[in-house]
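These are the residues of each chain, in order.
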Amino acid sequence: MKPFEYKRPSSLEEACTMLAAQDGRVKALAGGTDLLVQMKQGGLELDALVSLRDVPGLDALHLEEDGSLIMGSATPLGAIENSPDVRRAFPGIAEAASFVGSMQVRSRATVGGNLCNAAPSADTAPILIACGSTAVITDGQADRTVLLEDFFSGPGQTVLGPGELLRAIVVPPVPETGFAKYCKSFRSAMDCCTVGVAVYSDFVPGSAVVRDLRLALGAVAPTPIRARAAEAMLVGQELDEALTDRASLEAVADALPISDLRASAAYRKVLVEVLSRRALTAARAWAERGAVA
Amino acid sequence: MSTCIIGKGLPRVDAVPKVTGAAQYTVDLKMPGLLVGKILRSPHAHARIKSIDTSAAEQLKGVLAVITAKDVPDGLFSFYQWLADKNILCGETVRYIGDEVAAVAAVDDDTAEEAVSLIKVDYELLPAVFDVHAALEPGAPLVHDDKESNSTWSVERLFGDPDKALAECDFVVEGTYVTHAQAHTCLETSNCIAKWDEKDRLTIWTNAQAPHTQRQEVARILGIPRRNVRVINSYMGGGFGSKLVMDVKLPIASVLSRLTGRPVRIVNTRSEEFTTGKTRYPYTMSLKTGAMKDGRIVVRDLTVIGDAGAYHDKGPATINFSSMMFGTLYDVPNIRFQAQMVYTNKEMGTAFRGFGNPQLTFATESQLDELAHKMGIDPLDLRLRNSNCSMGTTSCGAEICGCAMTECMEAASEAIEWSQKKARPSDGTLRGVGLANMVHTGGGGRFYGYNSAEAFIKLSDEGTVTLITSALDMGQGSHTTMAQIAAEELGVSLSDINVLSHDTELTPYDLGSWGSRATFMDGNAVQAAARDARAALAEAAAEMLEADPADIVIEESKVWVKGSSEKHDLFEIVDHAVNAHGIPISGTGQFVDKLPEGYTIPTAFAKNIPCFSFGTQAVEVEVDPETGQVRVLRVVAAHETGTTINQTMSEGQIEGSIAQGIGFALMERLVRQEGKVQNDRFLDYKIPNIGDMPEIETILVESVGTKGPFGAKGIGEPGLVPTAPAIANAVFDAIGVRFHELPITRDMVLEALKETR
Amino acid sequence: MKQELLITVNGDEHHLLVDTRRTLLDVLRDDLGLTGTKNGCGAGECGACTVLLDGEPVNSCLTLAHEAAGRDVLTIEGLSSGGVLHPVQQAFVSQGAIQCGFCTPGMVMTTKALLDRNPDPTREEILAGLRGNLCRCTGYVKIVEAVEVAQCLLAEEELV
Ligand SMILES: Cc1cc2nc3c(=O)[nH]c(=O)nc-3n(C[C@H](O)[C@H](O)[C@H](O)COP(=O)(O)OP(=O)(O)OC[C@H]3O[C@@H](n4cnc5c(N)ncnc54)[C@H](O)[C@@H]3O)c2cc1C
Ligand code: FES
Ligand code: FES
C-alpha cells in the first residue's frame, strides 16, 4: 500500500469538509471491508481516508413511530441482522444482512459501505430497493434524499458528489398485508452473490391478489435493478403458480447479466428465473397463509 | 495385543500450544536484523527478457539488495537433477505468469513491494501454449526451446496382452476423463528465512515436508557443500505435498541474505500461493476396460496426457506412481499404461495428496460403474467379484501383504444402506448413491532405490524421554503417532515424551513426510529405538535391583522385578542409573525396508511399494434440478489402517481428505485466461467451508499382514483418492448423467439436465 | 505516516507509534509479538486472523490499527488465564479438532464470539457462524463437535 493520511473527524460537517478536499483521492472509511481489500490488492491508491468511526449518529438504528426503519449508514450489518426490532418488523432485511460474508465481516461491514461501494452484487441493495427505501445524503450542512433505486449510477458509482456522505437509509413501514424477502444463490458458501432477487409484495387483504409489488435483481446488470416488466405482469393479479412461473421468466428478460468468473451469463439467467420463482412462491405462500387466517 | 497407548484417541501432543497461540510457525519467527525479501514475477506467459533495469529500485531508501539472474548461480534445478529445467531467476526466458525474474531485500514489506514495482523489465513476447493437446501439435511453440518437443517424459507399462484381451472379452467400455489444476491452499503459505553465519554456513528456516532432501537441493543449486546447509522447521500450517520439493524462494532468500549479511524472509502472499505455489497435475485420460460375462475384469488400457506446466518438478515421479496404482487396484491380467507429461506455459504441478492417484481413480472407478451399467449388474457386485484379496503377487508384480478390500466394501455399502437405497423408488428428489474403491501406498516407496529411517531416544534423569525422529509433523499428527509408539514400547506415558524432528542438524537423514510414509517408516524406526532404550533400561534396572534383565517388567512408568510387589518409579531408576551408577540410557533404532529380490529402479514398478492400503467410500448426493447444485449428504469411508495407532487422528486424516476430495470433485479448479490465473483468492477459488461438508462416517478397518509398527499402515492420503469417483457415480445414480470431467460444476449439471429432458 | 495509537490488548494498555497503513493484524504480530493470530489471506476470506474487538469478532487483517484506537482487543493469547484453558480451547483439544493448527486460533476466537452471543446454537447456527473460517486439514467434522462440546462445558460452568 502507498502511504495515506488517516483522519478521524468527530462531526458530520468536519467529515464532509475533509472529503471535499484532495480532489477525489480521499474516501470515507466505514467498516473497511471493501476499501481495505481494494487498497491492499486492487491497486486503489488514496491520499487520505476519513474514518466515520467517531462521527456521532451514523450508527443509529431504530424504528420510527410510524413503523419506518432508520439505519445510520455506518450501522454494521451484524447489528442489523441481530436487532430484535429489525427481525420483527423487517425480517427480510435482517435475513439479507445475514447473507453477507461471514460473522467477522458483518461485525465491521456497514450497510452504507455496502451501498456506497455500489457493487452490482451488493447483497443489501435488492431488498432495500424492493422495500422502497430512501437514501439520505448530506454534505455536512443539509440533507437531500433520493430513492435508493436511483442511488446507483454504475458499477462502483453512485450519485454522491464530492464532499457528500450517505447519512442514513430510511425504509418505509411494511403494512400488515405486505411481505418482503431476499433470495440469494448458494448462501452456504461465503459468496459474493452470483445472483440475488428480492421481492416486496402487498396483497389485497385475505387474498393472494397483488396490490403493489417490487421485484429487484442483484448482480445481473451494471447496478441493482428492478424487474419492471415482471412487476407489471403481477400487479393487480392473483399470484398463482402459473403467474409465478410466467413472471419469473419475464424477470429474466429484464436482466442483462455478464459472464465472469463466478458464473456465465446464461447461468445467471437461469438463476434469475429460479430465484424469482422462489421469492414469489414465498410471497404467495405467505399470502395464502394470511388468507386462511 | 493388549496395548495401553496404541489405538486410543488421545489428544495430540501439540494440541495445547496450538490452541493457545503459543505454537510458532515459520512465519511467526523473529530475529534481529530480519529483512523482507520480495520476488518480481513475470507478467507474461512466455517471453524473452531483453533487459532489466534495477537502478530505481536500488536507489529506493530502505532497499538493501536487488538481484537478477546474473547474481545467482546459473545452474538449473529439478527434483530429479538429471531433468533439471528451472532457473533460480530467469535470465533469458520466462515461461509462465509468475516465473521468478528478480528479487529485492528491504527493511519492510511496503518498501520491498515498492522496490519490486520499480524494477523495469523489457520483454519480447513469445507465442505461448496453454493446452496439452495444442502443445503436442507439430509446430507448437516450445516451452523450452532447447528441447525437441513439449512432451517431456513418458512411461509405458505392459502386462499380458491387452490387444488380444480386448478383442476377446465380452464387454468393453471406453471413455476420456479430464481433471484440472487443484491448489493445495495450505493455510500457512510457503515461506522461509535464510541466514548465513560467520562460518559460511547457511541456515534456512522453512515449512518443508522433507527438510533433508531440501537441504540437498539447496546445496545443489547454490553449488555449496551439503554440510554447509541446515534446514530448520517450525510448526507447519499444512503441506499436502506442496512443500516436498524445494521452492526457488529458498535459494533466492539465500542469495539475498549473502549479499546483505542479514537474515532475509520471503513469504508468499495468498495470490502468489495460488498462482505460483504449484498444483495437482491435470490429467487427460483415455481409458478402456474389458470384462467377461461373469464380471471378471480382464483388461485395462490407459493413455494419460499429464499437464506438467512450465517445469518438471514432480511430474515424472507422479505419473510413474499413477502407473503403479493403475496396475494394482484390481488384479487385472492384461494391462497397458502409456503416459506422457507435457510442458505448457503455466504454473507447474507438484506432489499433492494422492500423488497422481485421485486423477487416475476418477477415471478407473467411474468407468467401472459404466461397465456395470452396460453389463446390467450392480456396481458393488462387480467390484466384489473383482476384489483384490490376494495375499500374494498380482499380475503386475505388486506384492500385497494384507488386504481388506472386501471388508471395506462391505462395511461402506452396509453403512450407506446400499441395497435399500439402490432399490428406492424415485420420489421426485434427485438423490443417488455411489461408491468407489481405492488402493494407495501405506508406507512411502522405494523410488530412491532405498527406503529407510532412523530414530534416537534418550531418557533423562529429570524425567523426560526425548525422541528424535525425522517424522515431520505438518499437521497430520506424526509427532503424536511417534510419541505413542515410543510410549507404548517403552512403558511410559505419552506426556513423558518430547518429540524433536525439526532440525536437520539433529535428526537422522530421512526422505521426508510423503507417500503416507511416516507412520510406517519412521514409526518402525521409533519402535526399534524404543525397544533398544527399553533394553538398556532393563539392564540398568537389573543391575540395581540385582535381578536378571529378563525378569524386569516395565509398564506405565513403573519398573519392578517379576514376582516382586515393590514397584519403582521409572524415572527414579533412570536417575539412579545415570547419577549413581553412571549408566546413560538411550536407544537407537533403524528400519531398512528391504528391497525385493532383483529390484532395480527402472523395472521395479509396483514392487516399489512396501505396503498397500485399500479402502472404499460410499456417498449419497442430492442434485438440485433448478440450479444444478450437487450436495453431498453423506460419506461413509472405510479404510484400512492395519492397526489404528490413534483413532481420532486417523479419522481426522480421512475427514480432511474427504473435504479435499469434495473440492476436487465439485468446486476446485484454477481458472486461467491466456495463462493468467483468474481466481487467486478464496472468494473465487472456493475450497469447502464448514457449510459444504456432509455427514461423514469413518470406519477404520484393521487388517493383518503389514510390517508397520504394531502392524500399522499410513492413512494420510488414501481418504482423498476415491471421493471424486464415488461422487461422480452417485451423481449418475441421481440424474442418469455421467460426467467425465472434474470438477462437476453447477452449470455443467444444469446443461446436462437440460439435454436429458 | 505514523500516528500515535493507544490500544488495549488482552488487558494490557499499549502506547505505540504506528504507520496509518498497518492493520490491527500487523500491529498484533509485529509490534506486540502476539503471533498467535494468523494471516491466511489478508483479505477477510479465511478467518485465521479473527480477534475480538470490544467483544465482536473481526478480521484483524481488514481492520486498520488506528480504527481500534482506544478499544479492547482480545486475542488467542488472552483467552486462557493462569495456564487454564478456556472451555472452547479445552473442547478443541479433547475433540481432536486441531491438525496443523494454523486455523485454530481464528476458529477458537470465532467460536467464543458465537457462544457469547448465542449460548445455545443449533447446528445450523454453528455452521453459519463459522462459515468465515477456512480449514484445509480437518474437514470440519471435529470442529463442529468441538463447538458443541464447548457449548456444554460453558453451560456447565454457568451452573456452578
Ligand atoms: C470476505 C468478504 C466477503 C464478503 N461477502 C459479501 C457478500 O456476501 N455480500 C456483499 O454484498 N458484500 C460482501 N462483501 C463486501 C463488503 O463486506 C460489503 O460490501 C460491506 O457492506 C462494505 O461495507 P464497509 O463498511 O466495510 O465499507 P467500506 O469498505 O468502509 O467502504 C466501501 C465504500 O463505500 C464508501 N462509503 C462507506 N460509507 C460511506 C458513507 N456513509 N458515505 C459515502 N461513502 C461511503 C467508502 O468510501 C468506500 O468507497 C464481502 C467482503 C469480504 C471481505
Ligand atoms: S487473514 Fe484475515 S481473513 Fe484471512
Ligand atoms: S487445522 Fe490446518 S487449517 Fe485447520
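What you are looking at is a predicted structure, and each value in this text was computed from that prediction instead of being measured.

Here we look at the nonpolar core
And step 1. Core analysis: the biggest nonpolar cluster contains 238 residues, and Ile252(B) and Phe92(C) have the highest contact counts within it.
And step 2. Examining the composition of this core, we find that eight residues originate from one element, helix 19 (residues 723–735) of chain B, more than from any other.
And step 3. Aside from chain neighbours lying at most four places away, what touches Phe92(C) is Val19(B), Ala97(C), Ile98(C), Thr104(C), Met107(C), Val108(C), Thr111(C), Ile143(C) and Ala146(C).

Some points on the sheet that holds strand 23 (residues 585–592) of chain B
All names here are of chain B.
And step 1. Reading across the sheet, the four strands line up as 19-18-17-23 and stay open at both edges, with mixed pairing between neighbours. The two strands at the open ends of the sheet, each matched to only one other strand, are strand 19 (497–500) and strand 23. Strand-to-strand twist of the sheet, defined as the mean angle between neighbouring strand axes without regard to direction, takes the value 15°.
And step 2. Across four bridges, the pairing between strand 18 (residues 465–469) and strand 19 is parallel. Across the sheet, residue Val465 finds its bridge partner in strand 19, namely Ile497.
And step 3. Against the sheet, helix 15 (residues 518–545) touches strand 17 (452–459), strand 18 and strand 23, its axis set at about 145° to strand 23.

Comments concerning the sheet that holds strand 28 (residues 695–702) of chain B
Residue and element names in this part refer to chain B.
And step 1. One open sheet holds the four strands; their spatial order is 16-24-25-28, and the pairing between them is mixed. At either end of the open sheet lies a strand with only one pairing partner, and these are strand 16 (430–441) and strand 28. Ignoring strand direction, the axes of neighbouring strands in this sheet form an average angle of 15°.
And step 2. Of the pairings in the sheet, the one linking strand 25 (residues 630–642) to strand 28 comprises eight bridges and is parallel in character. Paired with Arg634 across the strands is Glu695, a residue of strand 28.

Some points on empty space enclosed by the protein
Residue and element names in this part refer to chain B.
And step 1. Applying the stated criterion across every chain yields a total of 11 cavities of 30 Å³ or more.
And step 2. Space inside the largest cavity adds up to approximately 130 Å³.
And step 3. Along its surface, the largest cavity is lined by 15 residues, and Ser190, Ser242, Lys243, Val245 and Asp247 are the ones closest to its centre.
And step 4. For the lining of the largest cavity, the per-class residue count stands at two nonpolar, eight polar and five charged.
And step 5. Within this model, the second largest cavity holds a volume of roughly 100 Å³.
And step 6. In terms of lining, the second largest cavity is formed by 13 residues, of which the most central are Lys86, Met246, Lys278, Asp313 and Met348.
And step 7. Across the lining of the second largest cavity, the residue classes break down as five nonpolar, two polar and six charged.
And step 8. Two domains each put at least three residues into the lining of the second largest cavity: domain 2 (31–126 + 187–238 + 243–276) and domain 3 (283–445 + 599–756).

Focus: the site of ligand 1
And step 1. Taken together, 35 residues form the shell around ligand 1, and within it Ala28(A), Thr33(A), Asp34(A), Thr110(A) and Asp123(A) come nearest.
And step 2. One chain alone does not account for the residues near ligand 1; they come from chains A and C.
And step 3. Contact distances for ligand 1 include 2.6 Å between an oxygen atom and a backbone N or O atom of Ala28(A).
And step 4. Ala30(A) is positioned with one of its backbone polar atoms (N or O) 2.8 Å from an oxygen atom of ligand 1.
And step 5. Burial of ligand 1 by the protein amounts to 96% of the accessible area it has alone, namely 980 Å².
And step 6. Grouping the amino acids of the shell around ligand 1 by side-chain chemistry returns 18 nonpolar, 11 polar and six charged.

How each quantity is defined
- Residues numbered from 1 in each chain as written.
- Chains lettered and ligands numbered in written order.
- Predicted model: local features only at pLDDT ≥ 70, side-chain atom pairs only at ≥ 80, totals over all residues.
- Heavy atoms only, no water.
- Core = buried A, V, L, I, M, F, W, Y, C linked by side-chain atoms within 4.5 Å.
- Buried < 20%, exposed > 50% of the residue type's maximum accessible area, 1.4 Å probe, protein only.
- Helix = DSSP H or I, 4+ residues; strand = E, 2+ residues; numbered from the N terminus.
- Contact = heavy atoms within 4.5 Å.
- Pairing = 2+ DSSP bridges.
- Axes fitted to C-alpha atoms, helices over the stretch in contact; angles between N-to-C directions.
- 1 Å grid on protein atoms, 1.4 Å probe; cavity = no way out; pocket = protein on both sides within 12 Å on 5 of 7 lines; lining within 4 Å.
- Points joined across faces, edges and corners; volume = space filled by probe spheres on them.
- Nonpolar A, V, L, I, M, F, W, Y, C, P; charged D, E, K, R; others polar.
- Domains from an automatic or database assignment.
- Near = heavy atom within 4 Å.
- Polar contact = N/O pair within 3.5 Å; in protein donor to acceptor, adjacent residues only side chain to side chain.
- Areas by Shrake-Rupley, 256 points an atom, 1.4 Å probe, with all protein chains shown as cover.

Geometry only, nothing functional implied.
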